[in-house]
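Notes for the structure review
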Amino acid sequence: MDVKGKNIFITGSTRGIGLAIAKEFAQLGANIILNGRSSVTPEVLSSFEGFEGQVSFISGDVSDQKDAERMINQAIETFGSVDILINNAGITYDKLLLKMTQEDFETVLRINLTGAFNMTKSVLKPMSKARQGAIINLSSVVGLTGNIGQANYAASKAGLIGFTKSVAREVAGRGITVNAIAPGFIESDMTDVLSEKTKESILSQIPMKRIGKAEEVAKLASYLAGQSYITGQVIAIDGGMTMQ
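An unreviewed UniProt entry lists the protein chain under the name 3-oxoacyl-[acyl-carrier-protein] reductase, with Streptococcus pseudoporcinus LQ 940-04 as the source organism. Under the heading Function (unreviewed entry), UniProt records this for the protein chain: "Catalyzes the NADPH-dependent reduction of beta-ketoacyl-ACP substrates to beta-hydroxyacyl-ACP products, the first reductive step in the elongation cycle of fatty acid biosynthesis." For the record of the protein chain, the UniProt heading Catalytic activity (unreviewed entry) holds the text "a (3R)-hydroxyacyl-[ACP] + NADP(+) = a 3-oxoacyl-[ACP] + NADPH + H(+)".

Structure follows, in structure tokens:
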């Protein structure tokens, strides 16, 4: 699929990896639907000036099924279709399991996993009718390996992997690809404030000895969206951390 002129809906895209993905697709001439639970800053919107495609912002809560349906319908009313869906919205609420409450666990799953279900289900009917489309789910290497203090997050990201493979099998015959990206340590506001000792510990786990960039994840997303014969795959982008 040539992404130029296509309509891309990216959940959780007002900062970080989601925003980097939005800018990557904008550079390729796509129309961008940014998303978040609150408003988007004028600075973020102005950062898209000069790109060929249009940019719109739709606020909403992916964990609410009716809100997810409303957002997809609004995007279709504005642009005519949603050709590519990137399920990027996610949160962390880290605690050791002995201290984790049921609400701690379920809140993370509602956003990270149920949110992807809600958005994917809402977009599948119009995509199936068009007999084309791409869905990309942002998982994590934590979903592959687990991590201390992240039982809720790891469960949500591992769940996304099973979700990706199941949906990919269901819709492959309709020309829709469904893949997952599993980032490792990626530069962000969170990594910027880490101590040097913590950074050294992280780098010792990465064969390539550096933290990844959000733009590298974005380029992988645009590649997956632009091809038509890769589906049901989980691609780790982690500097070799989880290589088998």
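As a further point, take the side chain of Ser128. By secondary structure assignment, the location of Ser128 is in helix H4 (residues 102-130). Beyond its immediate stretch of four places on either side in the chain, Ser128 contacts Arg174 and Ile176.

Enumeration according to the criterion identifies one aromatic pair in this entry. An angle of 65° between the planes, with centres 6.2 Å apart, marks the rings of Phe48 and Phe51 as edge-to-face. Under the relative-accessibility criterion, Phe48 is labelled buried at 4%. A residue is classified by how much of its surface remains accessible, and Phe51, at 26% relative accessible area, is partly exposed.

Take helix H1 (residues 16-27) next. With twelve residues, H1 should cover 16 Å at 1.5 Å per step; its first-to-last C-alpha distance of 17 Å lies within 8% of that length. Within the span of H1, buried status applies to Gly18, Leu19, Ala20, Ile21, Ala22, Glu24, Phe25 and Ala26. Check the buried side of H1 and you find it contacts strand S1 (7-10), strand S2 (31-36), helix H2 (42-46), strand S4 (84-87), strand S5 (133-138) and helix H9 (214-226). Once H1 ends, the next one or two residues include Gly29, with phi positive near 90°.

The next thing to look at is the pairing of S1. As a general feature of sheets, a regular strand has side chains that alternate between the two faces. Alternating positions in S1 separate into two faces, Asn7 and Phe9 on one and Ile8 and Ile10 on the other, with burial throughout. Sheet analysis places S1 next to S2, joined by four bridges and oriented parallel. Among the inter-strand pairings, Asn7 is bridged to a residue of S2, identified as Asn31. Viewed along the sheet, the connection from S1 through H1 into S2 turns out right-handed. Across three bridges, the pairing between S1 and S4 is parallel. Along S4, the bridge assignment pairs Ile8 with Ile84.

Within the largest apolar cluster, 29 residues are counted, with the highest numbers of intra-cluster contacts made by Phe25, Ile32 and Ile86. Where this core is concerned, the elements lending two or more residues are S1, H1, S2, S4, S5 and H9. Sorting elements by how many residues they give to this core places H9 first, with seven residues. In this view, Phe25 contacts Val3, Ile8, Ala30, Ile32, Ile84, Ile86, Ala221, Ser222 and Ala225; residues no more than four positions away in its chain are not counted. Counting 25 residues, the second-largest nonpolar core is a separate cluster that includes Ala75, Leu85, Val123 and Met127.

What counts, and where the lines are drawn
Note that residues are indexed from 1 along each chain, following the sequence as it is written. Local features in this predicted model are restricted to residues whose pLDDT is 70 or higher, and side-chain atom pairs enter the listing and the counts only when it is 80 or higher, whereas totals over whole chains, interfaces and linings include all residues. Calculated side-chain values reflect all of the structure's heavy atoms, with hydrogen atoms and water omitted. UniProt positions are given in the numbering used here, feature names are shortened, and annotations may be inferred rather than shown by experiment. Secondary structure follows DSSP: runs of H or I at least 4 residues long count as helices, runs of E at least 2 residues long count as strands, and numbering of each begins at the N terminus. We call two residues contacting when some pair of their heavy atoms lies within 4.5 Å. Here a pair means two rings of Phe, Tyr or Trp (six-membered ring of Trp) with centres within 6.5 Å. Their orientation is stacked below 30 degrees between planes, edge-to-face above 60, and tilted elsewhere. Only protein chains enter the accessibility calculation, which uses a 1.4 Å probe; a residue whose area is less than 20% of its type maximum is buried, one above 50% is exposed, and one in between is partly exposed. Under the convention used throughout, the expected extent of a helix is 1.5 Å for every residue step, that is, one less than its residue count. Any two strands with at least two DSSP bridges between them are considered paired. If you view a crossover with the strands going away from you and the path from the first strand over the helix to the second runs clockwise, you call it right-handed. Only buried residues count toward a nonpolar core, which is a set of Ala, Val, Leu, Ile, Met, Phe, Trp, Tyr and Cys residues joined through side-chain atoms within 4.5 Å.

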